[in-house]
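# Structure at a glance
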Amino acid sequence: METREIYARLNRIFQNVFDDSSIRVYPETTADDIEDWDSLEHITLISTVERVFHMKFKMGEISSMKNVGEMAAIIKARTKL
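Residues numbered from 1 in each chain as written. Predicted model: local features only at pLDDT ≥ 70, side-chain atom pairs only at ≥ 80, totals over all residues. Heavy atoms only, no water.

### Quick look at the overall build of the protein chain
In plain terms, the rule: Only DSSP runs of H or I reaching four residues or more are called helices, and only runs of E reaching two or more are called strands; each is numbered from the N terminus. Both definitions apply: the radius of gyration is a C-alpha atom measure, and the globule rule equals 2.2 Å times residues to the power 0.38. Three labels apply to residues, based on accessible area from a 1.4 Å probe with only protein chains included: buried if under 20% of the type maximum, exposed if over 50%, partly exposed otherwise in between. In short, Shrake-Rupley with a 1.4 Å probe defines the accessible areas, and a residue's cover is counted only from the protein chains shown. Just so you know, the count uses Lys and Arg for positive and Asp and Glu for negative, and it drops His and the chain ends. The atom standing in for a charge is NZ when the residue is Lys, CZ when it is Arg, CG when it is Asp and CD when it is Glu.
The secondary structure content of the protein chain amounts to 4 helices and 0 strands. Each helix (α) and strand (β) of the protein chain, taken in turn from the N terminus, gives the series α-α-α-α. Its C-alpha atoms give the protein chain a radius of gyration of 12 Å, near enough to 12 Å, the size a compact globule of 81 residues would have. The buried share of the protein chain, reckoned over its 81 residues, is 40%. Of the roughly 5,200 Å² of accessible surface on the protein chain, a fraction of 51% belongs to carbon and sulfur atoms. Between the averaged position of the 11 positive side-chain charges in the protein chain and that of its 14 negative side-chain charges there is a distance of 12 Å.

### Concerning the packing of helix H2 (residues 39–53) against helix H4 (residues 68–79)
Short version of the rule: For helices, the axis comes from a line fit to the C-alpha atoms of the stretch in contact; other axes are also lines fit to C-alpha atoms, and the angle between any two N-to-C directions lies between 0 and 180 degrees. Angles are sorted into four bins: roughly parallel if under 35 degrees, roughly antiparallel if over 145, roughly perpendicular if 65 to 115, and oblique for all others. Left-handed describes a crossing whose near helix is turned anticlockwise from the far helix by less than a right angle; the clockwise case is right-handed. The contact criterion used is simple: two residues touch if any of their non-hydrogen atoms lie within 4.5 Å. Under the grouping applied here, Gly and all other residues not named as nonpolar or charged are polar, the nonpolar ones being Ala, Val, Leu, Ile, Met, Phe, Trp, Tyr, Cys and Pro and the charged ones Asp, Glu, Lys and Arg.
Packing of H2 against H4 leaves a shortest axis separation of 12 Å and a crossing angle of 25°. Viewed along their axes, H2 and H4 adopt a mutual orientation that is roughly parallel. By crossing handedness, the relation of H2 to H4 is classed as right-handed. Two secondary-structure elements touch here, H2 through Leu45, Ile46, Val49 and Phe53 and H4 through Met71, Ile75 and Thr79. Looking at the contact of H2 with H4 residue by residue, the class counts come to 6 nonpolar, 1 polar and no charged.

### Quick word on the packing of aromatic side chains
Given two aromatic rings, their pairing is described by the distance between the two centres and the angle made by the two planes. Inclusion rule: Aromatic contacts are taken between Phe, Tyr and Trp rings whose centres are within 6.5 Å, Trp giving its six-membered ring; a plane angle under 30 degrees counts as stacked, one over 60 as edge-to-face, and the others as tilted.
Per the counting criterion, the structure on display carries 3 aromatic pairs. Between Phe14 and Phe18, the ring centres sit 5.9 Å apart and the planes meet at 35°, which makes this aromatic pair tilted. Aromatic side chains Phe14 and Trp37 sit 5.3 Å apart centroid to centroid with 75° between the ring planes, which places their arrangement in the edge-to-face category. Of this pair, Phe14 sits in helix H1 (residues 3–17) while Trp37 is found in the loop between H1 and H2, placing the two residues 23 residues apart along the sequence. Relative accessible area serves as the criterion here: at 13%, Trp37 is assigned to the buried category. Put simply, the rings of Phe14, Phe18 and Trp37 touch in pairs and so form one group of aromatic residues.

Next comes the structure, spelled out in structure tokens:
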């Protein structure tokens, strides 16, 4: 899967999860950049990403992700399998 397709899907996911059509995510986007991104919404976000991309994050991956770029890199690696 191409990186731009991953980001297009992530943009839609973030917009839906946070109910904000103006959200645009970039590799450096973090929870600090999105007002409603708290621990509860993080669970919803991860679950939605897993469902949309038909994959599961490992617990260590979830806890070590620092930004959307790291999330996209894991997705890209997993969708190649």
